[in-house]
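So the chains spell out like this:
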Amino acid sequence: MEKDFGSLNLNSNEVTYTYKGETYHLSSHPYGPCLYLESGNELHCTLQNAYTTEQIVKAFAAGKTIKTLYGKDYDKEFDEAGFCKVLAAALESGRDCMDFFYAAQLAKKGFH
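Computed from a predicted structure; not experimentally measured.

**A few points about the pairing of strand β3 (residues 22-29)**
Piece 1. In this sheet, β3 lies alongside strand β2 (residues 15-19) in antiparallel orientation, the contact comprising five bridges. Paired with Tyr-17 across the bridge in β3 is Tyr-24.
Piece 2. Between β2 and β3, which follow one another and run antiparallel, lie two residues, and Lys-20 among them has a positive phi close to 50°.
Piece 3. Alignment of β3 against strand β4 (residues 34-39), held across five bridges, turns out to be antiparallel. Residue His-29 lies in a different strand from β4, and its bridge partner there is Cys-34.
Piece 4. Here β3 hands over to β4 after four residues, with Gly-32 in that stretch at a positive phi of 120°.

**Re the packing of helix α2 (residues 80-93) against helix α3 (residues 100-109)**
Piece 1. In the contact formed by α2 and α3, the axes pass within 8 Å of each other and the chain directions differ by 95°. Regarding the angle of α2 to α3, the classification is roughly perpendicular. The residues of α3 that touch α2, namely those facing Phe-83, Lys-85, Val-86, Ala-89, Ala-90 and Ser-93, are Phe-100, Ala-103, Ala-104, Leu-106 and Ala-107.
Piece 2. Classifying every residue of the contact of α2 with α3 by side-chain character gives nine nonpolar, one polar and one charged.

Criteria and thresholds
Residues numbered from 1 in each chain as written. Predicted model: local features only at pLDDT ≥ 70, side-chain atom pairs only at ≥ 80, totals over all residues. Heavy atoms only, no water. Pairing = 2+ DSSP bridges. Helix = DSSP H or I, 4+ residues; strand = E, 2+ residues; numbered from the N terminus. Axes fitted to C-alpha atoms, helices over the stretch in contact; angles between N-to-C directions. Parallel < 35°, antiparallel > 145°, perpendicular 65-115°, else oblique. Contact = heavy atoms within 4.5 Å. Nonpolar A, V, L, I, M, F, W, Y, C, P; charged D, E, K, R; others polar.

Written out as structure tokens, the structure is:
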């Protein structure tokens, strides 16, 4: 049985990620770019060198992947399920800030 890494809800006005019964609002800043995972008034994690919510919606709503030019030890493109696994790894790490591709390495290695 495959582990549940959550799911994205893609809406042009809002992107959310649901994991372990909690829904996180995703927002972004184009410089870096940084992706923020928030619930209520709490910022849970900032992912640096990530993707903007516009890039996420554009790719996944069309059934495509998002690609990167970075990295050697992790995937160079992510489908929606792989992206969710990276978000889960970031949340499970307990860190409040990390590089997206470090989270991708954690996801690839597996986490508990």
